[in-house]
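# A structural walkthrough
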Amino acid sequence: MVSPAIALAFLPLVVTLIIRYRYYFVLFYRAFLVRVWQDCATGLSREERAFQYVLTNATPGDPDSILEAFDQWCSKVEFISNIGPKKGKILDRLLMEQSPMTVLELGAHCGYSAVRMARCLPLGARLYSVEMDQRNATIAEKVIRLAGFDDDTVELIVSPSDEVIPRLRSDYGLETVDFVFMDHWKKCYLPDLQLLEGSGLLGKGSMILADNVLFPGAPNFLRYVRKSGLYEWRIHQATLEYIRGIRDGMAELVYQGIK
Amino acid sequence: MTKCGVSVLTTGDEDEVSSCYEEHEWGKNRVKGREKEREKKKRGNARKKGASRAGRGDEELEERAERGEKGRRRRKRDNHDGKGRERDEEEQAEEKSGRAAKNKKNLKNERTRKMEQEERDTEEGDAKRKKKNESAKREEKKEDGGKRAVKEKANAVKTKKHKKKVETSEEEDVEEEEEEEKEKELRPESLSPEELEKLKEAVDEKKKLIQTLRGKPWPMKKKLSTLRESQEFLEKYEGALGKGKGRRLYAYKVMMTKKWMKFQRDFENFKTACIPWEMKIKEIESHFGSSVASYFIFLRWMYGINMILFGLTFGLVMVPEALMGRPYGSMPRKTVPRADEASAMDFAVLWDFGGYAQYSVLFYGYYNNQRAIGWLKFRMPLSYFLVGVGTVAYSYMVVIRTMARNANESGGGDDNSFNFSWKMFTSWDYLIGNPETADNKFASITTSFKEAILEEQESRKDDNIHLTRFLRVLANFLVMCCLAGSGYLIYFVVRRSQKFALDGLDNHSWWERNEVNMVMSLLGMFCPMLFDVISTLENYHPRIALQWQLGRIFALFLGNLYTFIIALMDEINLKRKEEEIVKFNMTVWEASLYNGTVPENSTAPPVTIHPADVPRGPCWETMVGQEFVRLIISDTMTTYITLLIGDFLRAVLVRFLNYCWCWDLEAGFPSYSEFDVSGNVLGLIFNQGMIWMGAFYAPCLPALNVLRLHVSMYLQCWAVMCCNVPQERVFKASGSNNFYMAMLLVILFLSTLPAIYTIVTIPPSFDCGPFSGKSRMFDVIQETLESDFPAWFSKVFSYASNPGLVLPFLLLMVLAIYYLQSTSKSFKEANVELKKKLQMQNEENKKKSKRAALKAAMDLEEARKAMTQNGRNATPLLTDQEGQLPATRAPVPRTYHHGNHGAPGYLPGIPRQTEARVHRAPSLQRH
C-alpha cells in the first residue's frame, strides 16, 4: 500500500504538467470537447455553423469582412484550424512579393485561406483550390462566392490531392505552378510534394508554403526538404492559429530545380 | 651565369649526393614531399610569390630551390598539370644565359624595391595569382626578368650549400640517381660569406615570420601555406648555417632541439590522454556547448576530491582496522546480536545496511577503543578522529583554492555597459562542433539580440513595471508556498517514521519504511520543475532566471536536508535515553550474572559469555551513519531511475512512436529532454554535502560516493549523448564555475556544522566506536598528548591553547584579512581607473585617425585634381615609362604616390573609364 505522503509528493509534478501544457488542454477543450457538444446539440457540422455565423455577420462581396467574421468565430466561439490572421499576414506578404499567376491550394477546408489568397492575387491570376471533402467543399464554394470571387479567379476542385496533382496538366491545362499552399493532411505533405516534383509543375522560383509544419507537424516533410537540396527553405516561426502559446511554423520553400 | 655553367660540369655528381643527403636528413619531410611538390607545381609559382613579408629575396631562394627539384623530376613524370608553367620555365632556362647581363642590372632594382614590396605583399598575393594565370602581361614579364636574376643567385646559394653537405653525407640514394642530368639547371658554386649572411638573415626572418604568423590578417589558407613553406625552408637551410667545424655540431644541435620539442609535444599529448574522460567531455562539449560540459568537468573534479577522501578513510581507518584490529566476533560490538543472527545475511537486511553490514568496518560502531592496534602500534582512535577532521579540512582547502584560482581567471568585462558589443563579438561558443547545436546557438543569439533590443526599448518605456513587479512578488510567494509545503510534508513523514520506528519496523510495508527517503527524493525531483514553470511568470533574463532557479532549488534542498537532520537529532536523543536505560540494566545484568554463576569461590575463572549474547546500547553513531548511507543509496537510485525513465524511455518512445502518431512527437509536445544543468549540479553538490556530514559516522561513505560518481559519469555521458537534445538556450558557462564552487563552499559549511555540533556536544556511546568510554570524542587528542608526547610538548600545547594567546592570534588574523581586503579593493579601483584611461585613449586615437583619414582624403582630392589637369601630359609619359623601365615598376601600383606617375584606375576616387577616355582622346587626335 502506497502511503499518502508519497502520493502527495507527486503533486508538484502534476501541477507542473498542468501549467506547462495548459495551452494543449485549452486546445483539446476547444477543438474537441466543444465541437462534439455542439455537433450533438445543433445537428450541424462545425463548418456549417461557421458559415451561418459568417453569413449573418459579414458583408457579402467584402473579403476582409468575411475573413474578420471567420477570425471572430474561430477565436470567440469555436475552433477551426484556419490559417488565422497572424500567419495569414505572412502569407499575404509572400503573395504580394511573388505575385504569382497560377496558385494551387491543397486543402481548402471552408474557404478561409482561398479568400485570403484570392484577394492578394494580381489581376488575371488563377487560384486552384483542392478539397477532398464534399461537404466542406460546398461550404468553401459558398464562402468564396460570397466573397465575390468568380469561377475565373478561384476554381474549386473536389477530389483528393494525390489524384488531382497528376491530372493538373492534362485536365486543367497548367504548365507551371507559381505558388503552392499546403494546408491539408499533414501526412500528405511529403507525397504531394514529390508528386508535384514528378509532374514537372514546379519551375525554378516556384514557391511552396506549408502550414502547420511544427504543430501538428510534418517531420518527414521537413526532413525530406532539408535533405533533397532542391529547395531554398526557411521556417517562419509563429504560434498556432487562435491559440496562444503553442508554437507552430510555416515552411517556405523556393524550388531551385536540379542543378 | 657563366659561373653557373662551369659548376654544372664540375659538381653534377656532388649535387646528386647532396640531394641524397637531404633525403637522408630530412627524410620524414621528403616522404610526403612527392605529393606536396606535385601539388605545389599545380598551383604554380604564384602562390609562393604572394606568400609573405619575409623578404622577396629569401622567397626566391626557396622557390628556386624547389624549382630545381621540380625540374629534376619534370622529365621523369609526364604530367598534364602545370604545362604552361613548365614551358615558361624552359623558356627561362634558354633565356637565362642571354639575358644575364640585363638581369644583373635589374637585380639591383629588385632589391631596392624589396622593402616597398614587403609592405604590399599581402595585397599583391591575389592580384599576382590572377596575373600568373592570365597570359603573359608585359609587366609580369619584366618582373619575371627581375626575379629570375634573384633566382639565379638563390640557385647558386643552394647548390653551394649542397656542395658543402657532400662532405657530411655518406649515403647515396638510388632514386635520385636518374635525376642526375636534370640537375644541370642548378649551378653550385662556393658560398661567399655575404651570401651566407644573407641566408642567415633569411632564416631569421622566416623564424620571425612563423612566430608572428598568428597575428597576421590573412586568410587561413594563406597562413597555412606560408607556415608550411617557412618551416620547410628552415628545415632545409638551418642546418647549413654553421661555419667550418661547428657546422656538424650545429646541425646536430638543431636536430636535437627539434627532437626535444617533438618529444615535449608528444608528452603533452600523452598528458592530455591521461586526463580521465577528457575525450568524452570534449565530445559532449562539442555537441552541447560548454554549459553542459562544465557540469561534467565539475563531476570529474568532484570525483578527484572523493578519490582523495576515499584514500584517506580507506587507507588510514578501514584497512588498519580490518587487518590489525580485533577480528569479527571477538567482542560484543563486533558481533551480530543473537536476536538478529537469523536474518543478518538476508538481502533485504543487507540492502538496508543492517545485519552483517552494520557490524563491519563500514560503520562507526564496529571500531574498538583500544589505544594502539597491531604490531605497528597504530593509534586507531586518534587516526579515526584526525581522518574525520582531515577530510573536512582538506575539502575546505581544495574548494577555497579552486575558488581563488577561478576568481583570477574570470572577472573581465562588466556585463552592463557595451551590451550589444559583447553580444556581437563574444556570443559564439567556439567549442561547438555539431551542426544542430550550432543551429540552436545561432537561433539563441538572434533571439538574444531581439530580446536585448526589446529590453532596450522597454527600459525606455517601462510602463508595465507594476505588473512585472506584481508578477515577481507573486512568483516568489508561490515558490515560498511550495517550499513550505514540501518542508511540512517532510516533517510529517519524518514524524510518522519515528512512530513506525517505535512500533517496530517489521510491522510496516517497504513503502512505509522508505517513506522519508522516497518523499525527499521525489520532492527534490519535482519541485524544481514547478519552480521552473513559476519562474516564467517573472520574465527575467535567462541568466538571472537561472540564478534564481538555482537559489530556489538550493533553498529546497537545504530545507529538506535540515529537516532530515533535525529529525535525526530527535532520534539521537531518543537513542541516548535508551542508552541510559541499557546502561542501568547492564549493571544489573552483570551483577546477576556473577551472582548467579559464581556462588562460592571467587578464584574460579570468570564465566565466558558469547559476545552475541551480551546486551548492548543502541549506538546512535552507527544509526546516523546508516541513515546517511541509506539516503545516499536511495538518492542515487532515484537519479538513475529518473535518468532511465525520464530520459531514455522517453527518448525511445518519442523516437519510435513518431512513425505512427498524429503529431510530431520529436518537435512538438513530449520531445526529447534537455540536459538539466542546474538540477544536476545541485544534486551533485548536495550529495557531496551528505557525504561530508555522514563520513565521520560511516567511513564507507566516500567509497560509496566514488562508486556512484564513477557510474554516473559513464551513465550520464551515455545518456546525454544518446537521449538528450542540445538546449534551446545554449549559454556559455565561463562564469558559472565559481558559482558552483561558492555553493559548494556554503554546503560544505552547512554540512560540517551539524557534524561538528554532534562531535562536540554529544558524548559518544559507551559500548561502541573508537571513542567509547570517553566523555567527549575530542578527548582522544588530549589523551594522546598526555601519553604519547613528552611532557614539555603538552605543556607548550596547553599554553598555546590558552585563551590569552588564542585571542590575540585570532585578532591578528582578522586584522590581516581586513588589510588584504582593503588592498585588493584599492587595486580594483586602480584597475577601473586604468580601464577608464584606456577607453579615453582609445577615443582619442579614434579621433586622431579620423582626422588623419580626412586629411588623406583631402590630399587625394587634390592629387586627383592635379592629375586631371596633367592628364594629357601624364599618359604618354606613362607608356614610355613602362616600356623603358620594366623592372623598376611594381606590378600593381598601390599607393597613391604612383598616382603622380599617372597609374590609371588605381586611385579610389577615379573610375577607370574616365582615364581611358583621357587616354584615348589624344590618340584619336593624333591619328
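As the structure is a computational prediction, the values presented were derived from the model and not from experiment.

## A few points about the overall build of chain B
Looking only at helices and strands, one finds 28 helices and two strands in chain B. Out of the 927 residues in chain B, the part that is buried amounts to 43%. Taking the intrachain contacts of chain B between residues at least 6 apart in sequence as the baseline, contacts between residues at least 24 apart amount to 80%.

## Some details on helix H19 (residues 515-535) of chain B
Between its first and last C-alpha atoms H19 of chain B spans 29 Å; for 21 residues at 1.5 Å apiece the expected length is 30 Å, and the two agree. Burial analysis of H19 of chain B places 17 of its 21 residues in the buried class, which makes it a mostly covered element.

## Examining the environment of Val760 of chain B
Residues and elements named next belong to chain B. The residue Val760 is located in helix H24 (residues 736-761) in this model. The partly exposed category is assigned to Val760, whose relative accessible area is 38%. Residues contacting Val760, with those up to four places away along its chain left out, are Arg776 and Phe778.

## Some remarks on the interface of chain B and chain A
Each partner contributes to the interface: chain B provides 25 residues, whereas chain A provides 24 residues. Across the chain B/chain A interface, buried area totals approximately 2,100 Å², and carbon plus sulfur atoms make up 71% of it. Measuring nitrogen to oxygen at the nearest pair gives 3.7 Å for the salt bridge that ties Arg20 of chain A to Asp532 of chain B. Our enumeration of links across chain B and chain A arrives at one residue pair in polar contact (both at pLDDT 80 or more). Counting only elements with at least two residues in the side of chain B that touches chain A, the list comes to helix H17 (465-503), helix H18 (510-513) and H19 of chain B. The element best represented in the side of chain B that touches chain A is H19 of chain B, accounting for eleven residues. Each residue belonging to the side of chain B that touches chain A can be placed in one class, and the counts come to 16 nonpolar, two polar and seven charged.

## Section: the UniProt feature "transmembrane region" (unreviewed entry) in chain B
All names here are of chain B. Mapped onto this structure's residue numbering, the UniProt feature "transmembrane region" (unreviewed entry) falls at residues 301-324, 381-400, 473-494, 515-537, 549-569, 739-760 and 796-820. Secondary structure within residues 381-400 divides into 100% helix and 0% strand; the distance between the first and last C-alpha atoms comes to 29 Å. This span, residues 739-760, is 100% helix and 0% strand, and a straight line between its end C-alpha atoms measures 31 Å.

## Observations regarding the packing of helix H11 (residues 290-324) of chain B against helix H22 (residues 677-694) of chain B
Residue and element names in this part refer to chain B. Orientation of H11 relative to H22, taken along the N-to-C sense of each, is 10 degrees, at an axis distance of 10 Å. On the basis of their axis angle, the class for H11 and H22 is roughly parallel. Here Ser291, Val292, Tyr295, Phe298, Leu299, Met302, Asn306 and Leu309 of H11 lie close against H22, whose contacting residues are Val677, Asn680, Val681, Leu684, Ile685, Gln688, Ile691 and Trp692. Within the contact of H11 with H22, the residues separate by chemical class into twelve nonpolar, four polar and no charged.

## Observations concerning the packing of aromatic side chains
All names here are of chain B. In total, this model carries 40 aromatic pairs over all chains according to the counting rule given. Ring centres of Phe298 and Trp301 lie 6.1 Å apart, and the angle between their planes is 15 degrees; on these two criteria the pair is classed as stacked. You can see Phe298 and its partner Trp301 sitting in helix H11, three residues apart, about one turn around the helix. Classification of Trp301 by relative accessible area gives partly exposed; the value is 21%. Residues Tyr488 and Phe492 carry aromatic rings whose centres are separated by 6.5 Å and whose planes lie at 25 degrees to one another, so their mutual orientation is stacked. With Tyr488 and Phe492 both in helix H17, this residue pair falls four residues apart, about one helical turn.

## Some remarks on the nonpolar core
Within the largest apolar cluster, 106 residues are counted, with the highest numbers of intra-cluster contacts made by Phe296, Phe298 and Met777 of chain B. Discounting residues that sit within four places of it in the chain, Met777 of chain B has contacts with Tyr364, Phe385, Trp620, Glu621, Phe696, Tyr697, Ile759, Pro764 and Phe771 of chain B. Membership of the second largest hydrophobic core comes to 52 residues, among which are Ala58, Cys110, Leu240 and Ile246 of chain A.

## Some points on unusual backbone geometry
Here the phi dihedral of Ser99 of chain A falls at roughly 35 degrees; this positive angle occurs in a residue that is not glycine. Turning to its location among the elements, Ser99 of chain A is positioned in the loop between helix H6 (84-98) and strand S1 (102-106). Residue Phe353 of chain B is not a glycine yet carries a positive backbone phi of 55 degrees. Positionally, Phe353 of chain B belongs in the loop between helix H12 (347-351) and helix H13 (355-358).

## Some words on a nonpolar patch on the surface
Residues and elements named next belong to chain B. A surface patch of nonpolar side chains, amounting to about 800 Å² of accessible area, comprises Phe347, Trp351, Met637, Ile641, Leu644, Ile645, Leu649 and Trp718. Within the residue set of the nonpolar patch, elements represented by two or more residues are H12 and helix H21 (620-657). Its place among the elements puts Met637 in helix H21.

## Let's talk about empty space enclosed by the protein
Residues and elements named next belong to chain B. A full pass over the atoms with the stated rule returns eight cavities of 30 Å³ or more. Approximately 110 Å³ is the volume found for the second largest cavity. Lining the second largest cavity, in full, are Ile565, Leu568, Met569, Ile572, Val624, Phe628, Met693, Tyr697, Pro754, Ala755 and Thr758. Counting residues per element, the ones that place at least two in the lining of the second largest cavity are helix H20 (542-597), H21 and H24. Of the residues in the lining of the second largest cavity, the class split is ten nonpolar, one polar and no charged.

What counts and what doesn't
Residues numbered from 1 in each chain as written. Chains lettered and ligands numbered in written order. Predicted model: local features only at pLDDT ≥ 70, side-chain atom pairs only at ≥ 80, totals over all residues. Heavy atoms only, no water. Helix = DSSP H or I, 4+ residues; strand = E, 2+ residues; numbered from the N terminus. Buried < 20%, exposed > 50% of the residue type's maximum accessible area, 1.4 Å probe, protein only. Contact = heavy atoms within 4.5 Å. Expected span 1.5 Å × (residues − 1). Buried area = accessible area lost by both parts, 1.4 Å probe. Salt bridge = Lys/Arg side-chain N within 4 Å of Asp/Glu carboxyl O. Polar contact = N/O pair within 3.5 Å; in protein donor to acceptor, adjacent residues only side chain to side chain. Nonpolar A, V, L, I, M, F, W, Y, C, P; charged D, E, K, R; others polar. UniProt positions renumbered as here; feature names shortened; annotations may be inferred. Axes fitted to C-alpha atoms, helices over the stretch in contact; angles between N-to-C directions. Parallel < 35°, antiparallel > 145°, perpendicular 65-115°, else oblique. Phe/Tyr/Trp six-rings, centres within 6.5 Å; stacked < 30°, edge-to-face > 60°. Core = buried A, V, L, I, M, F, W, Y, C linked by side-chain atoms within 4.5 Å. Patch = residues over 30% accessible without salt bridge, like charges linked within 9 Å, V, L, I, M, F, W, Y side chains within 5 Å. Areas by Shrake-Rupley, 256 points an atom, 1.4 Å probe, with all protein chains shown as cover. 1 Å grid on protein atoms, 1.4 Å probe; cavity = no way out; pocket = protein on both sides within 12 Å on 5 of 7 lines; lining within 4 Å. Points joined across faces, edges and corners; volume = space filled by probe spheres on them.

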